[in-house]
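Here is what each chain is made of, one letter per residue.
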Amino acid sequence: MEYQPVVVKKYQRPISKHNAESRYWRQFRHPVFVKEYAPITSVHFSPSKPHRYAVTAATRVQIYAPRTQKITKTISRFKDVARSGCIREDGKLVVAGDDSGLIQVFDINSRAILRTLDSHKQPVHVTKFSSLSPTHVLSCSDDTTVKFWDVPSQTAVTTFTDHTDYVRSGQVSTSNPHVILTGSYDSTVRLFDTRSGHCEMIMGSGLGERADKAAVEQVLMFPSGTVVLSTAGPILRVWDIVAGGRCTRALSNHQKTVTSLALNASADRLLTGSLDQLVKVYDVSSYKVLHTMRYPASILCLAISPDDTHILSGMSDGTLSIRRRQPKPSEIKADQGRLDALDISADIKLGHGSLKPSAARQPLADAVELRFESQTSKKLKEYDRFLKNFKYSAALDSVLKKNVPPTTTFSLIQELIHRDGLRIALAGRDDVLLEPVLRLLLRHVADPRFGEMVSDIAGIVIDMYRAVIGQAPLIDALFLRLRRKVTAEIRFQEEVIKAKGALIMVLSGVGPHDQR
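Criteria and cut-off values
- Residues numbered from 1 in each chain as written.
- Predicted model: local features only at pLDDT ≥ 70, side-chain atom pairs only at ≥ 80, totals over all residues.
- Heavy atoms only, no water.
- Buried < 20%, exposed > 50% of the residue type's maximum accessible area, 1.4 Å probe, protein only.
- Helix = DSSP H or I, 4+ residues; strand = E, 2+ residues; numbered from the N terminus.
- Pairing = 2+ DSSP bridges.
- Salt bridge = Lys/Arg side-chain N within 4 Å of Asp/Glu carboxyl O.
- Axes fitted to C-alpha atoms, helices over the stretch in contact; angles between N-to-C directions.
- Left-handed = near helix turned anticlockwise from the far one by under 90°.
- Contact = heavy atoms within 4.5 Å.
- 1 Å grid on protein atoms, 1.4 Å probe; cavity = no way out; pocket = protein on both sides within 12 Å on 5 of 7 lines; lining within 4 Å.
- Points joined across faces, edges and corners; volume = space filled by probe spheres on them.
- Nonpolar A, V, L, I, M, F, W, Y, C, P; charged D, E, K, R; others polar.
- Polar contact = N/O pair within 3.5 Å; in protein donor to acceptor, adjacent residues only side chain to side chain.
- pLDDT = per-residue confidence, 0-100.

Draft legend 1. The arrangement of the pairing of strand S14 (residues 167-172) in detail. For S14, a buried count of five out of six residues is recorded, marking the element as mostly surrounded by other parts of the structure. Counted between consecutive antiparallel strands, the loop separating S14 from strand S15 (residues 179-184) contains six residues.

Draft legend 2. View of the pattern of salt bridges. All told, the structure shown has 16 salt bridges when counted by the stated rule. Measuring nitrogen to oxygen at the nearest pair gives 2.9 Å for the salt bridge that ties Asp-99 to Arg-83. Of this pair, Asp-99 sits in the loop between strand S7 (93-98) and strand S8 (102-107) while Arg-83 sits in strand S6 (residues 82-87), placing them 16 residues apart in sequence. For the pair shown, Asp-99 and Arg-83 are each scored as buried. When the shortest N-O distance is used, the salt bridge between Asp-463 and Arg-423 registers 3.3 Å. Here Arg-423 lies in helix H6 (residues 422-426) and Asp-463 lies in helix H8 (residues 451-464), a separation of 40 residues in the sequence. Because the salt bridges share partners, they merge into one network encompassing Glu-21, Arg-269 and Asp-283.

Draft legend 3. Spotlight on the packing of helix H7 (residues 431-444) against H8. At a closest axis distance of 9 Å, the pairing of H7 and H8 adopts a crossing angle of 145 degrees. Note that H7 runs across H8; the crossing there is left-handed. Between H7 and H8, the residues in contact are Leu-434, Val-437, Leu-438, Leu-441 and His-444 and Gly-451, Val-454, Ile-457, Ala-458 and Val-461, respectively.

Draft legend 4. Region of the structure containing the layout of surface pockets. Of the voids in this model, the largest pocket is the one considered here, and its volume is about 1,500 Å³. Taken together, 48 residues make up the lining of the largest pocket; nearest its centre are Val-43, His-44, Lys-128, Leu-220 and Leu-261. For the lining of the largest pocket, the secondary-structure elements that each account for two or more residues are strand S2 (40-45), S6, strand S10 (124-129), S14, strand S18 (216-221), strand S22 (258-263) and strand S26 (299-304). Looking at the lining of the largest pocket, its residues break down into 25 nonpolar, 17 polar and six charged.

Draft legend 5. Quick peek at empty space enclosed by the protein. Here the structure, examined in full by the defined rule, presents two cavities of 30 Å³ or more. Reported here for the largest cavity is a volume of approximately 40 Å³. Lining of the largest cavity is provided by Leu-396, Leu-400, Ile-413, Leu-426, Val-437, Leu-440, Leu-441 and Ile-457. At three residues, the largest contribution of residues to the lining of the largest cavity is made by H7. Looking at the lining of the largest cavity residue by residue, the classes come out as eight nonpolar, no polar and no charged.

Draft legend 6. Spatial organisation of the environment of Tyr-282. Tracing the backbone through its elements, the reader meets Tyr-282 in strand S24 (residues 278-283). Since its relative accessible area comes to 1%, Tyr-282 is described here as buried. Considering only alpha carbons, one finds Tyr-282 and Leu-263, 19 residues apart in sequence, at a separation of 9.6 Å. Discounting residues that sit within four places of it in the chain, Tyr-282 has contacts with Leu-236, Leu-251, Asn-253, His-254, Asp-268, Arg-269, Leu-270, Thr-272, Tyr-287, Lys-288, Val-289 and Leu-290. Side chain to side chain, Tyr-282 and Asn-253 meet in a polar contact 3.2 Å long.

Draft legend 7. Layout of the sheet that holds strand S11 (residues 136-141). Pairing within the open sheet is antiparallel, and its four strands lie in the order S10-S11-S12-S13. Since the sheet does not close on itself, it has two edges, and those belong to S10 and strand S13 (155-160), each with one partner. On average, each strand axis in the sheet is inclined to that of its neighbour by 20 degrees, with strand direction left out of account.

Draft legend 8. Representation of the confidence of the model for the protein in the model. Of the residues in the protein, 86% reach a pLDDT of 70 or more, and the chain-wide mean stands at 85. Residue range residues 337-369 is modelled with pLDDT below 50. Its contacts to residues more than four positions away, or to other chains, number three contacts.

Draft legend 9. The arrangement of the pairing of strand S23 (residues 269-274) in detail. Counting buried positions along S23 yields six of six residues, so the element is predominantly enclosed. Of the strand pairs in this sheet, S22 and S23 are connected by five bridges, and their pairing is antiparallel. From the neighbouring strand, Ser-260 faces S23, where its bridge partner is Gly-273. What sits between the antiparallel neighbours S22 and S23 is a turn of five residues, in which Ala-267 has the positive phi angle 60 degrees. When S23 meets S24, the two strands line up antiparallel, connected through five bridges. Bridge pairing in S24 links Leu-271 to Val-281. Where S23 folds back onto S24 in an antiparallel hairpin, the turn is made up of three residues, including Gln-277, whose phi is positive at roughly 70 degrees.

Draft legend 10. Just the sheet that holds S6, in detail. The antiparallel open sheet is built from four strands, whose spatial order is S6-S7-S8-S9. Every interior strand has two partners, whereas the edge strands, S6 and strand S9 (113-118), have only one. When strand polarity is set aside, the average angle formed by the axes of neighbouring strands in this sheet is 15 degrees. In this sheet, S9 lies alongside S8 in antiparallel orientation, the contact comprising five bridges. Counterpart to Gln-104 in the pairing with S9 is Thr-116.

Quick look at the structure:
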């Protein structure tokens, strides 16, 4: 009679505590940590492929390759602490400021200084290219001024002096090259227009009698240009520009100051980084927290790549965290998966209509010819081979390995029970071979799928090895842990039964009218 392989029993899949959204963000696993010798003040991805990123720390800006996470260029031509290294839309230029008030534009390949913008009197914390007008640069400084520069002529096209304190955040609108958004330590968020040269809208919690004077740390405008986000302390605020700058939401999900904001490529998820060492992911339609990521230190800056495959976090202790997600084949762009024209022409001969040799018609078989196809035997798994040869102990050892799922392990044990071979498999074991058996029982004694079988196996093991208990400290410790876990499980089951009885009494006293 032919050997029948062990049938692995299928159990109902337990309900996962992670929803689809959480599982997506958990794909950003195995972070790579790069240690710098000073706090990382800025991280920025190049909008163009291959999406290199600039990391600003101490007196240098470093350019990393996204695939290898290796430094490809180092720009260190700064006299003071560098700030806000930003790569232009085409990926060819880098702009950065420093604490001396100097702004420099570099060629990303040669690292040569192309332009120097020297007008600010105090540290420059924001330098960004305009995405719609690549020859213009925005700068925000601690001297309370905001400047919009024309790079070729090295002159400030417009200077705004409406803020009364440090200006530490700002950006040029991605929908209108004339609109500038800034946030300041004077607790206001302002919207400027370079055409008029004036502030067109003021938003902020620092307005009115009951003013919250918290400094605005970060601002972000949605690609549509109609909604603005700002952070002041641990509070995230949402402003509706269409409604005249009205605050529509105020969220407080962090315990400390929120220092960074970032949107994903489709702008439907918002990431916030804080000094409380957490990054939170929001759904922008409801502003509910979908996922939380923990980091080893306070987060100063945050960025997500344009293709949603990398998350960068710069921390106060000088650590750069690089989280990477492997994109699915369906997410790869069409131009990357396009077939080569030569390959297509080799498969299809245009204008001739000939078939490939593999597709040529085969000659028809004789009508009376009988055709027999060889049946290849299915390869048996390791534990099936041992069972087939009645090596029960070796079969049990093969499923006690860490990479074997518990459903397979207990299916084989059930087969051993049917064969009256479980005692044979457990017999003659020393402390080294008995340890994985006890650890298996410890892991699954409280699992409702295997609890009854674990109890039976534990009884057999105790009965067989009662005489040697007390001779191996490790085995004794595992037996004690198993006893404590069984006691805790029995106590838990007693509490469940009590709660069940109380519920039955309550529900039995509810009449039909009350049930309605």
